[in-house]
Structures are given as structure tokens and as C-alpha cells.
Amino acid sequence: MQTLQNRWLARLLALCMLLAALPALAAPLGAAGLKARYDSLGPQLASNQFGGPLVLQSEEAQRRIDGSVYAVLDHPFAVVTGALVDPAQWCDILILHLNTKYCRRTEANGETVLELRVGRKVEQDVDSASLLRFGWRPPTKTADYFGIQMTAPEGPYGTRDYTLLVEAVPLPGNRTFLRMGYGLAYGTASSIALQLYLGTAGRDKVGFTRQEPGAQGGEDGFVGGMRGVVERNTMRYYLAIDSYLRSLAAPPSERLEKRLASWFDGTEKFPRQLHEVERDEYLQMKRNEVRRQAAAR
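A. A look at the overall build of the chain. Secondary structure assignment for the chain yields 10 helices and nine strands. In the chain, which comprises 297 residues, the proportion classed as buried is 47%.

Now the structure itself:
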């Protein structure tokens, strides 16, 4: 009897530890935590598959998946934080993502909301795209830390509890260490939709993490499934931020074309994971979507 009770207690303890750990997957690290992560990732930032100081990590537990990109940016901390502090600027960032059809800032019950329409990888009417409403929380900004987090309670196909966050700390040499986190939870409806997608258009899609032989994914060992979906979108959102920052050095009249070209070129560095459309098709689609977005403001 004692042995049986011990087993049940052990299982209960393991479950409690798992549930307690879930919120931390998408939680901000804070200034001290982000600096410690920079130190611990030193070897990976110096040598990785991305050809630069960048690391992508993801975790999956209890039908929730979170991904994070950690990167050293050749931009001063003040430039990075100045570009990310305004929700209106975030719409200019998020529209770069292939699946973002529209973004606008609104006010609801005294709170700022970013309304996104996400959909297909080709041109699409706004009304036929799915709605994601990210609640905007005022950023945390100090001399040595910047953090902002947005959450959306519901998404398409039964997905929920979306998190989009960015944290940054200054580095010597006018550089910045940035973490871009993206995650979501999913249920039965999401799993069914995913299986349909993976059996058709998404059958060859993979993420960036190498996994054990025999696990779900591609023949070349990259992770697949919902984890692969989250890793691809995490990278796409990171590239949107990076492209926006790169464009700020150009005259205002040239910035849109700079960031569109930078985002597409960034994705083409990883064709196995991110190639979807041809360059001219992406550029024209995004020009049209940006015009539509600007006209509605």
C-alpha cells in the first residue's frame, strides 16, 4: 500500500511541476535573466546553422509550443527600443510576415489592441482572413532593459493563448542582445486542421531544430508538426523586426522597399523551411497590403 501511495505521490508531484513550468515557457526573462542567457548561449551564438549570432529554441508541453530567437544585433540599444516602443510601428513590422494581411491599432475598453488579419500566402480579402487581437501592454523600459509582451486569447482553428514578446539588453560596441518569443496553445480542432495541412500543402514543411531519428519531421532530421510551424513563424517574426531595424538607416521614402526586400532575402537564406513564393510575387502582394493598411488608418 505504501509503495502504491508513493507512486501516486510521485506522479502527482511530476504533474504539478510540469503545470507550474508551463507559463515560464513564454514568460519574460527580465534584465538579469536575459544577460545570463546571453552568457550561456555564447558558444551557440558563435557557431550555428544560421551563419551569424543567432540561436532558435523551442519547447512543447501540454498542447502548447513556444519558440524564441536570441540574436546579437548591430544596432544601438536606443535605436532598437525606439523602434519597438510604439504599437503603430509594430503594424509596420508585422505586415512584413507573409501571412499577415492587415494590422491596425485600436482601443477597446481603455486598452490598446493590435488587430491582425492572418491568412493565406497569396493576396486575400481582409474579411476572409482570420482575426487575431493582441492586447498591448505598456513596455518596460530602463537604461539596461527593454521588454514588451502582447497576448491574444483566441486564434483560428481552435488555437488560443498567443504570446508575442520582445526583450533586449545593451551590449558593448553599440550592439543589442534581443530575444523574440512567439507561442500558442492548441486543442483538438487545431490538431485536426494541422493533420489535414501536414497531409497536403504542409507535408514537406519542417522547422529548424534537429531531432532524434524516427520522430515526426522531415527525412533530413528537422522537427515537423506544430512545433515546426511555431519555429517557422518565430523566425519570420524575428526577420520582420530585423528588417524593420535595417530599413531605418534609409531615407523615409525608401524604407518600405528596403524592409520588404530585406525580409524576403532573409527568408531565402533558409529555403528548406521558409520558401513559399517568388520574390516579385511577395513584393507586389506586400505593396498592395501596405497601401490597404495605410488607407484604413
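B. Local environment of the side chain of Thr81. If you trace the backbone, Thr81 turns up in helix α4 (residues 77-84). Setting aside its immediate chain neighbours within four residues, Thr81 contacts Lys141 and Phe146.

C. Quick look at the packing of helix α8 (residues 255-268) against helix α10 (residues 279-295). Viewed as axis vectors pointing N to C, α8 and α10 meet at an angle of 140°, and their least axial separation amounts to 10 Å. Taken together, the axis directions place α8 and α10 in an arrangement best described as oblique. Relative to α10, the crossing made by α8 is right-handed. Contacts between α8 and α10 involve Leu256, Glu257, Leu260, Ala261, Trp263, Phe264 and Asp265 on the former and, on the latter, Arg279, Tyr282, Leu283, Lys286, Arg287 and Val290. Classifying every residue of the contact of α8 with α10 gives eight nonpolar, no polar and five charged.

D. Seen up close, a negative patch on the surface. A contiguous patch of negative charge on the surface is contributed by Glu123, Glu278, Asp280 and Glu281. Mapped onto the secondary structure, Glu123 falls in the loop between β4 (111-118) and β5 (130-136). Taking the relative accessible area as the measure of exposure, Glu123 reaches 45% and is therefore partly exposed.

About the cut-offs
- Residues numbered from 1 in each chain as written.
- Predicted model: local features only at pLDDT ≥ 70, side-chain atom pairs only at ≥ 80, totals over all residues.
- Heavy atoms only, no water.
- Helix = DSSP H or I, 4+ residues; strand = E, 2+ residues; numbered from the N terminus.
- Buried < 20%, exposed > 50% of the residue type's maximum accessible area, 1.4 Å probe, protein only.
- Contact = heavy atoms within 4.5 Å.
- Axes fitted to C-alpha atoms, helices over the stretch in contact; angles between N-to-C directions.
- Parallel < 35°, antiparallel > 145°, perpendicular 65-115°, else oblique.
- Left-handed = near helix turned anticlockwise from the far one by under 90°.
- Nonpolar A, V, L, I, M, F, W, Y, C, P; charged D, E, K, R; others polar.
- Patch = residues over 30% accessible without salt bridge, like charges linked within 9 Å, V, L, I, M, F, W, Y side chains within 5 Å.
- Areas by Shrake-Rupley, 256 points an atom, 1.4 Å probe, with all protein chains shown as cover.
- Salt bridge = Lys/Arg side-chain N within 4 Å of Asp/Glu carboxyl O.
- Lys, Arg positive; Asp, Glu negative; His and termini not counted.
- Charge placed at Lys NZ, Arg CZ, Asp CG, Glu CD.

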